[in-house]
2 protein chains.
Amino acid sequence: MTKSSTAAKPRQRAAGAPTGREIKPGVVAFKRARILEEAAALFFEKGYEAATLEMLADRLSATKPFLYTYFRGKAAILCAICELGVTESLAALDRIAETERTSIDLLKASLREVAEIIIARNEYLVVYQREMMNLDRGDAQRILRLRHEFDLRIGKMIEDCVRDGYITVPDAPAMSIWIGGLLSWITYCYRPGSSRSGEAVADQAMKACLRLIGLD
Amino acid sequence: MTKSSTAAKPRQRAAGAPTGREIKPGVVAFKRARILEEAAALFFEKGYEAATLEMLADRLSATKPFLYTYFRGKAAILCAICELGVTESLAALDRIAETERTSIDLLKASLREVAEIIIARNEYLVVYQREMMNLDRGDAQRILRLRHEFDLRIGKMIEDCVRDGYITVPDAPAMSIWIGGLLSWITYCYRPGSSRSGEAVADQAMKACLRLIGLD
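The name an unreviewed UniProt entry assigns to chain A is Transcriptional regulator, TetR family, from the organism Novosphingobium aromaticivorans.

> Hey, could you run me through the relation of the copies chain A and chain B in this one?
Applying a rotation about an axis and a shift along it to one chain copy brings it onto the other copy. Screw-axis analysis of chain A against chain B gives a translation of 0.0 Å along the axis, an RMSD of 0.0 Å, and a rotation angle of 180°. Such a combination of rotation and displacement between the chain copies is what one expects of a two-fold axis. The position closest to the rotation axis in chain A is occupied by the C-alpha of A:Arg130, lying 2.1 Å away. When the interface residues of chain A are mapped onto chain B, 100% of them are again interface residues, pointing to one common binding face.

> I'm lost on the interface of chain A and chain B in this one. Help?
For an interface, size is often stated in terms of accessible area lost upon the parts coming together. Contact with chain A, which involves 35 residues of that partner, is made by 35 residues of chain B. Between chain A and chain B, the buried area comes to about 2,800 Å², and carbon and sulfur atoms account for 64% of it. Counting every contact that joins chain A to chain B gives 0 salt bridges. If you look at where chain A meets chain B, you find 8 residue pairs in polar contact (both at pLDDT 80 or more).

> I'm lost on the state of the cysteines in this one. Help?
Here a disulfide denotes a covalent bond joining the sulfur atom of one cysteine to the sulfur atom of another. Residues and elements named next belong to chain A. Throughout the structure, instances matching the rule amount to 0 disulfides over all chains. Just so you know, Cys 209 is unpaired, no disulfide at all, and the nearest cysteine sulfur is the one on Cys 189, 11 Å from it. Given a relative accessible area of 0%, Cys 209 falls into the buried group.

> For this particular structure, what's the right way to read the packing of aromatic side chains?
Any two aromatic rings considered together are summarised by their centre-to-centre distance and by the angle between their planes. Scanning the model with the defined rule gives 6 aromatic pairs over all chains in all. Seen from their ring centres, A:Phe43 and A:Tyr48 are 5.2 Å apart, and the 90° between their planes marks the pair as edge-to-face. A:Tyr48 shares its class with A:Phe43; the two are buried. An angle of 35° between the planes, with centres 4.1 Å apart, marks the rings of A:Trp185 and A:Tyr188 as tilted. Using a relative accessible area of 11% as the deciding quantity, one classes A:Trp185 as buried. Sitting over the ring of B:Tyr124, B:Arg121 keeps its end group 4.9 Å from the ring centre.

> Quick question: what am I supposed to make of the UniProt feature "DNA-binding region" (unreviewed entry) in chain A here?
Here, UniProt's "DNA-binding region" (unreviewed entry) annotation points to residues 52-71 of chain A. Along residues 52-71 of chain A, the helical share is 70% and the strand share 0%, with 14 Å between the first and last C-alpha atoms.

> Honestly, the packing of helix H9 (residues 172-189) of chain B against helix H10 (residues 198-212) of chain B in this entry has me stumped. Any pointers?
The axes of two packed helices give the description: the angle between them and the distance between them. All names here are of chain B. Contact geometry for H9 and H10: axes closest at 10 Å, N-to-C directions at 160°. When the axis of H9 is compared with that of H10, the two are roughly antiparallel. H9 and H10 meet at a crossing whose hand is right-handed. Packed against H9, whose contacting residues are Met 175, Trp 178, Ile 179, Leu 182, Leu 183, Ile 186 and Cys 189, the element H10 presents Val 201, Ala 205, Ala 208, Cys 209 and Leu 212 at the interface.

> Is there a simple way to explain the environment of A:Cys189 in this structure?
Its place among the elements puts A:Cys189 in helix H10 (residues 186-189). In sequence terms A:Cys189 and A:Asp94 are 95 residues apart; their C-alpha atoms lie 27 Å from each other. Excluding anything up to four places from it in sequence, A:Cys189 contacts A:Arg196, A:Val201, B:Ile177 and B:Trp178.

Cut-offs applied
Residues numbered from 1 in each chain as written. Chains lettered and ligands numbered in written order. Predicted model: local features only at pLDDT ≥ 70, side-chain atom pairs only at ≥ 80, totals over all residues. Heavy atoms only, no water. Least-squares fit on C-alpha atoms with pLDDT ≥ 70 in both. Contact = heavy atoms within 4.5 Å. Buried area = accessible area lost by both parts, 1.4 Å probe. Salt bridge = Lys/Arg side-chain N within 4 Å of Asp/Glu carboxyl O. Polar contact = N/O pair within 3.5 Å; in protein donor to acceptor, adjacent residues only side chain to side chain. Disulfide = S-S within 2.5 Å. Buried < 20%, exposed > 50% of the residue type's maximum accessible area, 1.4 Å probe, protein only. Phe/Tyr/Trp six-rings, centres within 6.5 Å; stacked < 30°, edge-to-face > 60°. Lys NZ or Arg CZ within 6 Å of the ring centre and 35° of its normal. UniProt positions renumbered as here; feature names shortened; annotations may be inferred. Helix = DSSP H or I, 4+ residues; strand = E, 2+ residues; numbered from the N terminus. Axes fitted to C-alpha atoms, helices over the stretch in contact; angles between N-to-C directions. Parallel < 35°, antiparallel > 145°, perpendicular 65-115°, else oblique. Left-handed = near helix turned anticlockwise from the far one by under 90°.

The following block contains the structure:
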């Protein structure tokens, strides 16, 4: 892994952007990410059903055919918005697993990073929570499986911390689900522009997570 | 308070049903509650925007004018569905405050009761979480104020437990918000007919809440 790819956090560049030298894949990834960003804001404001691809194209000063170059349609855009939070969170777990040393540092850094993703992707996650019934059944189930994988990996990290004697938790798999609940609750506690900063809400969420596993 | 009114739990009779001798207020309350029950199931299945008052009348083998006798329209029905969970929870806190003795028993019994309300009202709460953007602005704000009142009252109960030496919690008001998050997460963990029973999910949620305040 090169130094630059270790330092870059995926959510700060276009989601899924490749790191090679060719410009085209990066441009494609950038355009997809910009479409999703505006679509998440549009669905957040108007609701999925009321929003149209014309409105989305207008916000981007682009055309509907431009959108169709990157997504099959409105349903595919919704799906990409809904899965972004969990795929970025899983990628964060992978990335942190390569850097942190002790099991407890790994768990703490992972929770912190996911809390920050939830704050950065607030609109995406609110759209997911509201509009999941508008997803195709197959997409909805695939995203649920990713969320389940996330819970399992957090549960595994908690078990590692128990094994290493850092914490005592009677039922790690169950507790990981409630940690998921605390992290998701960030979208209720935080709104961009509200009096509480994202940083402060992430701190509170972290403290709550640590209390749940018997730390702090 | 008579013996019978102490024994009856409000959510097991029609919501808001009076306890006097006249039959009419009870019938009105029963009809309103039945309309809300079917409407919550309909909105849960179809989504608020796709659902119509004709569909709702059909489910009740009734007519649209019958519905208009009890509610001003679809928006008023949505509002009543969305506020039911929090008003029943606040009523539960009132009721338990009259029966429990120590501050810690009061807190435990309150959390347990609210967990059971969330399980019993699963569809109402999912509809609220999904459809809150379809509420009139004034209704949405009023329901948020009720939720805030709930958080404050749980925060006050936690402070009482700290004062009485049962627990040590650094920031009771903040912690009450995260307890609200754990309780709300029940709607993600529990689906009627799923492998985990409502009882089991309520038990897990309770354990997580108690860990959050440093008990268990």
